[in-house]
Amino acid sequence: YYTLSNNCGNVNIIGNTSIIAKAGGVAFDVYYWPVNSYTEGVNVTVNTTGTISGTIEYGSDDSDGAAAAMHDKAKLDIQKGNFVGNISAYCCNNNPNITITGGTFSTDPSAYVAVGYRATLSGSTYTVAKLPENKIVSASATVWNGEAQATAAKALATVFGGLITVSVKLPA
């Protein structure tokens, strides 16, 4: 089911490399596997003009401390490529070390897009690109309580790629 499995060391998917998984398969994984003696971890960088077709998995074994160590021991850095399939992160305490700064995607990659970048949907394709340095955004909202304030701040930060400062004045 795995076209390419990455468990240890540094892997660079570069040039015009394409990885095409069979239907329903996994194109590649980033798998921290300390129980099998791969304690140093794994780093995968994707910077290709090619196509990655299939699921990308990010995970680890269920050994003691593996999930807690994953952020430091398993890294996926996507800089460029054409991605057909989803990214699945598991066993990492909801803190995967996945960073996307470029590429086109068939599914929404926003959960992993780096601060200062944004995924924009055009037709059925999401394109990740850097936000302009001088982008100024102004917004106002009526806030009824702290919960609404936090929800509004999170929504705005998601829309604008995390580059936002929210200042709230509550009514006297």
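Details of the structure are given in the entry above.
This report concerns the structure included in the present document. (Residues numbered from 1 in each chain as written. Predicted model: local features only at pLDDT ≥ 70, side-chain atom pairs only at ≥ 80, totals over all residues. Heavy atoms only, no water.)

What about the overall build of the chain?
A count of helices and strands for the chain gives 2 helices and 12 strands. Relative to its 172 residues, the chain shows a buried fraction of 35%. For the chain, the exposed surface amounts to about 10,000 Å²; the carbon and sulfur share of it is 50%. (Helix = DSSP H or I, 4+ residues; strand = E, 2+ residues; numbered from the N terminus. Buried < 20%, exposed > 50% of the residue type's maximum accessible area, 1.4 Å probe, protein only. Areas by Shrake-Rupley, 256 points an atom, 1.4 Å probe, with all protein chains shown as cover.)

Some remarks on the sheet that holds strand E8 (residues 87-89)
The strand order E1-E4-E6-E8 describes an open sheet built from 4 strands, whose pairing is parallel. Looking along the sheet, the strands with just one partner apiece sit at the ends: strand E1 (2-6) and E8. Direction aside, the axes of adjacent strands within the sheet are offset by 15° on average. Where E1 meets strand E4 (residues 26-32), 4 bridges bridge the pair, whose relative direction is parallel. What sits directly across from Leu4, in E4, is Phe28. (Pairing = 2+ DSSP bridges. Axes fitted to C-alpha atoms, helices over the stretch in contact; angles between N-to-C directions.)

Things to note about the packing of aromatic side chains
According to the stated counting rule, one finds 3 aromatic pairs in the structure shown. An angle of 75° between the planes, with centres 5.8 Å apart, marks the rings of Tyr31 and Trp33 as edge-to-face. Residue Trp33 is classed as partly exposed on the basis of its relative accessible area, which comes to 28%. A centroid spacing of 5.7 Å and a plane angle of 45° characterise the contact between Trp33 and Tyr38, whose relative ring orientation is tilted. (Phe/Tyr/Trp six-rings, centres within 6.5 Å; stacked < 30°, edge-to-face > 60°.)

Digging into the environment of Gly15
Within the fold, Gly15 resides in strand E2 (residues 9-15). Measuring from C-alpha to C-alpha, the distance between Gly15 and Asn47 comes to 7.0 Å, with 32 residues separating the pair along the chain. Contact partners of Gly15, with chain neighbours within four places excluded, come to Asn47, Thr48, Thr49 and Gly50. (Contact = heavy atoms within 4.5 Å.)

A word on the nonpolar core
Grouped together as the largest cluster of nonpolar side chains are 31 residues, with contacts concentrated most on Phe28, Leu76 and Ile78. Apart from the residues lying within four places of it in its own chain, the contact partners of Phe28 are Leu4, Asn6, Ile13, Ile19, Val44, Val46, Ile52, Thr55, Ile56, Glu57 and Leu76. (Core = buried A, V, L, I, M, F, W, Y, C linked by side-chain atoms within 4.5 Å.)

Here we look at helix H1 (residues 66-73)
Listed as buried for H1 are Ala66, Ala67 and Met70. All buried residues of H1 lie within an arc of 85° about the axis, which places them on one face of the element. Opposite the packed face of H1, turned more than 90 degrees from it, sit the exposed residues Ala68 and Asp72. Its buried side turned inward, H1 meets E4, strand E6 (55-60) and strand E7 (74-84). (Arc of directions from axis to C-beta.)

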